[in-house]
Amino acid sequence: MAIPLIIDALPPHTRALISAIDRAGIDPDTARRLHELGFDEGVDVEVLHRAPFGGDPLAVRVGNMVVALRRAMAALIEVELA
Amino acid sequence: MNVVLASPVVALVGNPNAGKTSLFNALTGSRQKVGNYPGVTVERKAGRLPLADGRSAELIDLPGTYSLEPRSPDEAVTRDAVLGRLVGERPIDAIIAVVDATNLRNHLRFALELKALGKPMVVALNMIDLADRDGIEIDVAALEELLGLPVVPTVAVRRRGLEALAAAVSSRLATPATEALVPDGDIAPLQREARRIATAAVRSVGAPKRWSERIDGVALHPVAGPLLLAGLLFFIFQAVFAWAEAPMGWIEALIGAGQDLVNATLDDGPLRSMLVNGVLAGVGAVIIFLPQILILFFFILLLEQSGYMVRAAFIMDRLMAGVGLNGRAFIPLLSSFACAIPGIMAARTIDSPKDRLTTILIAPLMTCSARLPVYAVIIAAFIPATQVGGLFNLQGLVLTGLYLFGVIGALVAAAALRRTVTRGPSPSFLMEMPKYQWPAPRDVGIGLYQRATAFLVRAGTIILVSTIVLWGLASYPKPPANWEGTALDYSLAGRIGDAIEPIFAPIGFNREIAIALVPGMAAREVAVSALATVYALEGVDEENTDSLVETLRGRWELPTALAFLAWFVFAPQCISTLAVTKRETGGWRWPIFMFSYLFAAAWLAAGFTYWTARALL
């Protein structure tokens, strides 16, 4: 059974699938850019790196791309362990 | 049958990091026209693309964007250009959609969005060599069929596939445009279609070599990452001084020879004085810094093209968040180390208006290359070139310190601005981190060439003109025979200096400095040429062959020199920066604000430095 998590809580180098994105929590433009960068339900993701100084922002592999985003936004993306 | 009209316009469009600019450089060579789109400050790059039928097309490199829904002003230029809505621009006849072969799932979505416009279009499947290396096999024929478009595999950095691409563009130009579908803004169906096509045409064999991730293991390491960044910056600033030493000596010798030649061939008179003391002393004092500026740009280009610059933004984001900015602002700010103007223009990629305004306002605090001549002269004159700890050069350390001082000043200013005039919600930070790449020598070379040209054009125009004007102000009117002071005292420049000296006297600036600061407003490096001109004219003995460095050593005390350095950390920026700020912020309000706050900061910084140095030394 898959365990729901948010990306921010995902242990590093653990593959997971995006199960839900809380688009109501972000403005429409940012939600769209998130989509354009490949964040979509069903896409596999993995936390690769966390920045120094408090682990914020994160570098997340999404599909074939690596995207940097802040913890606040990473908290809006729910994943299931693959 | 076909009437040959004006050359067709072909646009390169694609995601950021698709290798678009490399492809543009490979297709057009170094003969590029770099300008601006009318009314906006987005850089417009155009070149000639030879077509298969012997004609040539105008190839335009449009700013990278993820879709036709712009989030920032430069993305809006791309949308308007492909939709033919840009005023003063010819409509585009064909599109080359550049996609990254290693990231088709994402890049094909934008290609499909472009295809819907109905224009003749070719897909450049770029970086196909990286796909091979990563074990990604792409069935080009299947991709062509699924997309319904010609697909040409290319490797821009190795010039592979260029002829095939030009041939495909030529044959597409002969086909008529189809009906355009109006983009409805919903990207989800296109995204699904792109994934379907990518899945059908791409086969992964073996595990990809994830060496980008391995490099990031060090570059983004919580401890090693910031140390590496600090070390890189430190190395760059050391190199700027050390490597430039020899070429600067050659240029200095060349200018000296030029002055000797003019002195030997012309009779004493206003023309000789203008050429020797005005043009050669003034422009020469600036040209001499070309090697340093090129070395700095060289490193900035390497950092940008290798993909490291984005990592630096990632590391800096937290620190930037502390003052209400985000890591994205770090990239315009780093460009501002070369020049505030491209930096302020690069702020167009920032989507939050308040964040963008704050970035623009603090951009001049990044030490631009125009300040390098000022720092370099003062450091050479007053800071001994001793070794510190057996490893570092004291001059390099002081230079690094000045850069840091500017950065700290910028962070403090940003924090203050975000709490007052640019208060607003904290922006988000969302940025693609491209794979590391070896910078292509040609791309670095073209970038350096364009910057060197821009610098020399500046030296040949603004700096030359202001140097001659200053020479005139400092030479005329000629004093009467019974005048007891120097000729400079009697001249217009001397009187202007007298008038503004009271403002600067408390912070240790003499009248020569006050005079030099006025033309320094045209371009900061002019302050150096102005000092050179002022002191060259002031020279009591006619055979004054001292270099500016030696002159300053004899004329200034150390506290004044240090105060002058501190002044230039905050120096009110040049007129071009103010003009760009006016254009970017849409009015005089912000440039006036910018000038006032920087003037106050510069005065206080110079003052505190002067007073402290006087108390201690």
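If you're wondering where the values come from, they're calculated on a predicted model, not measured in any experiment.

Points about the UniProt feature "transmembrane region" (unreviewed entry) in chain B
Mapped onto the present numbering, the UniProt feature "transmembrane region" (unreviewed entry) falls on residues 223-244, 279-303, 329-347, 359-385, 397-417, 455-474, 561-580 and 592-613 of chain B. For residues 279-303 of chain B, helix accounts for 92% and strand for 0%, while the C-alpha atoms at its two ends are 36 Å apart.

Considering the side chain of Arg195 of chain B
By secondary structure assignment, the location of Arg195 of chain B is in helix α7 (residues 188-201). A distance of 3.4 Å separates the side chain of Arg195 of chain B from the side chain of Asp40 of chain A, its partner in a polar contact. Residues within four places of Arg195 of chain B in sequence aside, it is in contact with Gly38, Asp40 and Val43 of chain A together with Arg105 of chain B.

Considerations on the interface of chain A and chain B
Between chain A and chain B, the residue contacts involve 32 residues of the former and 41 residues of the latter. With both sides pooled, the region where chain A packs onto chain B buries about 3,200 Å², and carbon together with sulfur makes up 56% of that total. It is Arg32, Arg33 and Arg70 of chain A that lose the most area in chain A upon contact with chain B, and together they represent 23% of the buried surface on that side. Here Arg70 of chain A and Asp317 of chain B are joined by a salt bridge, their closest N and O atoms 2.9 Å apart.

Comments concerning the pattern of salt bridges
Residues and elements named next belong to chain B. For the structure shown, the criterion picks out 26 salt bridges over all chains. Of the charged contacts, one joins Arg44 and Glu58 as a salt bridge, the two residues approaching to 3.4 Å between their closest N and O atoms. Of the two residues, Arg44 sits in strand β3 (residues 43-50) while Glu58 sits in strand β4 (residues 56-61), which places them 14 residues apart along the sequence. When sorted by exposure, Arg44 lands in the same class as Glu58, which is buried.

Quick look at the environment of Asn510 of chain B
All names here are of chain B. Inspection of the secondary structure assignment puts Asn510 in the loop between α20 (492-504) and α21 (511-517). Placed 125 residues apart in sequence, Asn510 and Ala385 show a C-alpha to C-alpha distance of 26 Å. With sequence-adjacent residues up to four places away left out, Asn510 is seen in contact with Glu501, Tyr535 and Trp556. Only 3.2 Å separates the side chain of Asn510 from the backbone nitrogen of Glu512, close enough to count as a polar contact.

Side note on the packing of aromatic side chains
All names here are of chain B. Considering all chains together, one arrives at 20 aromatic pairs over all chains under this definition. Where Phe235 meets Phe299, the ring centres are 5.9 Å apart and the plane angle is 85 degrees; that geometry is what we call edge-to-face. With a gap of 64 residues between them, Phe235 in helix α9 (residues 224-265) and Phe299 in helix α11 (residues 290-306) connect regions that are remote in the sequence. Taking relative accessible area as the criterion, Phe299 reaches 9% and is therefore assigned buried. An angle of 70 degrees between the planes, with centres 5.4 Å apart, marks the rings of Phe298 and Phe299 as edge-to-face. In textbook terms, an aromatic cluster arises when at least three aromatic residues are bridged by ring pairs, as seen for Phe382, Phe504, Phe509, Trp556, Phe564, Trp567, Phe568, Phe595 and Phe599. A cation over a ring is seen here: Lys478 above Tyr476, with NZ or CZ 5.2 Å from the ring centre. Over the aromatic face of Tyr490 sits the side chain of Arg495, whose NZ or CZ is 4.7 Å from the ring centroid.

Some remarks on the sheet that holds strand β6 (residues 77-81) of chain A
One open sheet holds the seven strands; their spatial order is β1(A)-β6(A)-β2(A)-β3(A)-β4(A)-β5(A)-β12(B), and the pairing between them is antiparallel. The open sheet has two edge strands, β1 (4-6) of chain A together with β12 (430-432) of chain B, and neither has a second partner. Adjacent strand axes in the sheet meet at a mean angle of 40 degrees, parallel and antiparallel pairs treated alike. Pairing between strand β2 (residues 16-21) of chain A and β6 of chain A: five bridges, direction antiparallel.

Concerning the packing of helix α3 (residues 104-115) of chain B against α7 of chain B
All names here are of chain B. Where α3 meets α7, the axes come as close as 8 Å, and the angle between the chain directions of the two elements is 125 degrees. Considering the angle they form, α3 stands oblique to α7. In this structure, α3 meets α7 at a crossing whose hand is right-handed. The residues of α7 that touch α3, namely those facing Leu104, Arg105, Asn106, Leu108, Arg109, Leu112 and Glu113, are Leu190, Gln191, Glu193, Ala194, Arg195, Ile197 and Ala198. Classifying every residue of the contact of α3 with α7 gives seven nonpolar, two polar and five charged.

Regarding the confidence of the model for chain B
Residues and elements named next belong to chain B. On average, residues of chain B carry a pLDDT of 84, and 93% of them reach 70 or more. At the low end of the mean pLDDT range in chain B sits strand β2 (residues 32-36), at 71; at the high end sits strand β8 (residues 151-153), at 95. In this model, residues 540-544 is a region of pLDDT below 50 whose contacts with residues beyond four sequence positions or in other chains number four contacts.

What counts, and where the lines are drawn
- Residues numbered from 1 in each chain as written.
- Chains lettered and ligands numbered in written order.
- Predicted model: local features only at pLDDT ≥ 70, side-chain atom pairs only at ≥ 80, totals over all residues.
- Heavy atoms only, no water.
- UniProt positions renumbered as here; feature names shortened; annotations may be inferred.
- Helix = DSSP H or I, 4+ residues; strand = E, 2+ residues; numbered from the N terminus.
- Polar contact = N/O pair within 3.5 Å; in protein donor to acceptor, adjacent residues only side chain to side chain.
- Contact = heavy atoms within 4.5 Å.
- Buried area = accessible area lost by both parts, 1.4 Å probe.
- Salt bridge = Lys/Arg side-chain N within 4 Å of Asp/Glu carboxyl O.
- Buried < 20%, exposed > 50% of the residue type's maximum accessible area, 1.4 Å probe, protein only.
- Phe/Tyr/Trp six-rings, centres within 6.5 Å; stacked < 30°, edge-to-face > 60°.
- Lys NZ or Arg CZ within 6 Å of the ring centre and 35° of its normal.
- Pairing = 2+ DSSP bridges.
- Axes fitted to C-alpha atoms, helices over the stretch in contact; angles between N-to-C directions.
- Parallel < 35°, antiparallel > 145°, perpendicular 65-115°, else oblique.
- Left-handed = near helix turned anticlockwise from the far one by under 90°.
- Nonpolar A, V, L, I, M, F, W, Y, C, P; charged D, E, K, R; others polar.
- pLDDT = per-residue confidence, 0-100.

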